[in-house]
Amino acid sequence: MTHLITADHLTIERIGEIVYGGEKIELSEDAKHRIRRCRTYLDKKISGNNAPIYGVTTGFGSLCNVSIGKDQLSQLQINLIKSHACGTGERVPNDIVKLMLLLKIQSLSYGYSGVKLDTVQRLVQFFNNDIYPVVYKQGSLGASGDLVPLAHLCLPLLGLGEVEWQGRIVSGEELLRRKRWKPIQLASKEGLALLNGTQNMSAFAVWSLLRARKLSDWADVIAAMSLDAFDGLIEPFNHTVHTVRPHQGQIETADRMCKLLQGSQILCNVKAHVQDPYSFRCVPQVHGSVKDTLRYVHSVMDIEVNSVTDNPTVCPDDDLVVSAGNFHGEPIALPIDFLSIAMSELANISERRIYRLVSGSRGLPSFLVANPGVNSGFMITQYTAASVVSLNKSLAMPSSVDSIPSCQDQEDHVSMGANAAIKLYKVILNTERVLAIELFNAAQALDFRLPLKSSPVICELHEQFRRQVPFILNDDLMYPYIDRAIEFLRTHQPPIPS
């Protein structure tokens, strides 16, 4: 299947389908026209105007007052990409690199960046041939766009840098030779168009949103299993309770919990207790807040991935080339930090439910093992969850509250949105681990409630999980089962009632 790049609105969900569905992409005729038209306008603007144009006929950053001769405009752009490739740390995963490619192509296709058509077409070829430029996680301030990671993304266009292709790392030069492609000859402004933009931050954010929504759904399902395994109360989820404090996510969560547990024999059992701990009773309030946060961050990123974020902005219809600030990451840095906080809380409350399940209360054996003492059972799974949750709390410290001036103080306020995005990536993975550990514990605890059964939905989930992870009778190596639980969350869809 081939996706046509157009000026039509591109949803985050559609982006996920394109990248993870293995689709190819192609520039529409309208996109080609927009790109050519903008480039033609910019060439005429340069040839007929002696006034300096930032980044086109001048140097960059604090060198904006240095004029560049017309015979050096191409070299200026090449030098820009070379000098800005200062990344360090771990590699950006290939799927996020592919998201970066798609988002950069989409942004350039609107026809406000002044790039040549062959430059964008080469990026399309990278995408369609599963060529992954080697990009490093660290180096972007999230201010003049994601300069450093985008420089690494675009080095191979010139036959520089490295790519992963067909399962091995090759130089950009070798790639071009083996594909029989010529290096792209950059024209004025093109290097700046490629390096400016928020596609690194945005790619991490899109990846995180796609994973976070699924984890949010899993959190409800796992919490329902834990609630029944803990012999919890259903009354706090009564719809009327939540209509008097009608936050959308809260109402959705309460209604979902009731549907998930409908038909449970355990719920119908007479309770000796009149109240549950907050980690069970306040699932609608906590999980619901995460849902509302996801909605907000989704709405912001929906705008961002359909925007032009390089600089200067070239506007043929208005006869303008304006050096402004669309590359600044602040509009998405704050929401990205917000999502880290929300997902950290999802893991936080999950760990508290794990603790309750292993605590030896409400008829459950200590540490969920039939013969405690000689067996430690699930004791240390809670330790692991607590360790991961504590790390998440550190990672949830907002990056966007920081700013370190750069470029001789010309760029005197930066968003640190790239750091926020990297931290969010880690928080998402950690939250997945904690929820998997809760599912591991909840399934074990539910077995101790037999012969009473949970709801049909939860029983079916329990049965599916047992095909991957067995009931633990005596102490065993636990880490392989935790890995299987994580894989279960990734490969299965949460059973969300309609």
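See above for the structure.
This report concerns the structure included in the present document.

Analysis parameters
- Residues numbered from 1 in each chain as written.
- Predicted model: local features only at pLDDT ≥ 70, side-chain atom pairs only at ≥ 80, totals over all residues.
- Heavy atoms only, no water.
- Pairing = 2+ DSSP bridges.
- Helix = DSSP H or I, 4+ residues; strand = E, 2+ residues; numbered from the N terminus.
- Contact = heavy atoms within 4.5 Å.
- Axes fitted to C-alpha atoms, helices over the stretch in contact; angles between N-to-C directions.
- Parallel < 35°, antiparallel > 145°, perpendicular 65-115°, else oblique.
- Left-handed = near helix turned anticlockwise from the far one by under 90°.
- Nonpolar A, V, L, I, M, F, W, Y, C, P; charged D, E, K, R; others polar.
- Phe/Tyr/Trp six-rings, centres within 6.5 Å; stacked < 30°, edge-to-face > 60°.
- Buried < 20%, exposed > 50% of the residue type's maximum accessible area, 1.4 Å probe, protein only.
- Expected span 1.5 Å × (residues − 1).
- Patch = residues over 30% accessible without salt bridge, like charges linked within 9 Å, V, L, I, M, F, W, Y side chains within 5 Å.
- Areas by Shrake-Rupley, 256 points an atom, 1.4 Å probe, with all protein chains shown as cover.
- Salt bridge = Lys/Arg side-chain N within 4 Å of Asp/Glu carboxyl O.

Here three strands make up an open sheet; going across it, the order is 4-6-7 and the pairing antiparallel. Strand pairing shows two members of the sheet lacking a second neighbour, strand 4 (132-133) and strand 7 (168-171), which therefore form its edges. Across two bridges, the pairing between strand 4 and strand 6 (residues 162-165) is antiparallel. Along strand 6, the bridge assignment pairs Y132 with E164. Lying on the sheet, helix 7 (residues 172-179) is in contact with strand 6 and strand 7; it crosses strand 7 at an angle near 90 degrees.

Across the interface, helix 9 (residues 199-229) lies against helix 19 (residues 479-491) with an axial gap of 10 Å and an inter-helix angle of 115 degrees. When the axes of helix 9 and helix 19 are compared, the pair comes out roughly perpendicular. Judged by the twist between their axes, the crossing of helix 9 over helix 19 is right-handed. Contacts between helix 9 and helix 19 involve R211, K214, W218 and I222 from the first element and F488, L489, R490 and T491 from the second. When grouped by side-chain class, the residues that make up the contact of helix 9 with helix 19 number four nonpolar, one polar and three charged.

Moving on to the packing of aromatic side chains. Counted under the stated rule, the structure contains ten aromatic pairs. Taking the centre distance of 4.7 Å and the plane angle of 50 degrees together, the rings of W207 and Y425 count as tilted. Here Y425 lies in helix 17 (residues 417-447) and W207 lies in helix 9, a separation of 218 residues in the sequence. Neither W207 nor Y425 differs from the other in exposure class; each is buried. With 6.0 Å between their ring centres and 50 degrees between their planes, W218 and F488 make a pair best called tilted. With W218 in helix 9 and F488 in helix 19, this pair connects stretches of sequence that are 270 residues apart. Judged on exposure class, the residue W218 and its partner F488 are both buried. Through a chain of ring-to-ring contacts, the aromatic side chains of F204, W207 and Y425 assemble into a single cluster.

Residues that lie three or four places apart on an α-helix share one face, since the helix turns once every 3.6 residues. Taking 1.5 Å of rise per residue, the 31 residues of helix 17 would be expected to cover 45 Å, and the 45 Å separating its terminal C-alpha atoms lies within 8% of that figure. In terms of burial, helix 17 is a largely internal element, 28 of the 31 residues being buried.

This brings us to the pairing of strand 7. Direction of pairing for strand 6 relative to strand 7: antiparallel, over a ladder of four bridges. From the neighbouring strand, E162 faces strand 7, where its bridge partner is S171. In textbook terms, the turn of a hairpin is the stretch between consecutive antiparallel strands, and for strand 6 and strand 7 this stretch comprises two residues, one of which, Q166, has a positive phi near 55 degrees.

Before going further, it helps to examine a nonpolar patch on the surface. A contiguous nonpolar surface patch, about 260 Å² in accessible area, is contributed by Y296, F338 and I341. Along the chain, the position of I341 falls in helix 15 (residues 330-358). Since its relative accessible area comes to 35%, I341 is described here as partly exposed.

Below, the discussion takes up the pattern of salt bridges. If you walk through the whole model with that rule in mind, you get 29 salt bridges. Linking K116 and E190 is a salt bridge whose minimum nitrogen-to-oxygen distance equals 3.0 Å. Here the residue K116 occupies a position in the loop between helix 4 (94-108) and helix 5 (117-128), and E190 occupies one in helix 8 (residues 190-195), the gap between them amounting to 74 residues. Here K116 and E190 have matching classes, each one buried. Between E174 and R168 there is a salt bridge, with the nearest N and O atoms lying 3.4 Å from each other.

Geometric values such as these leave the question of function open.
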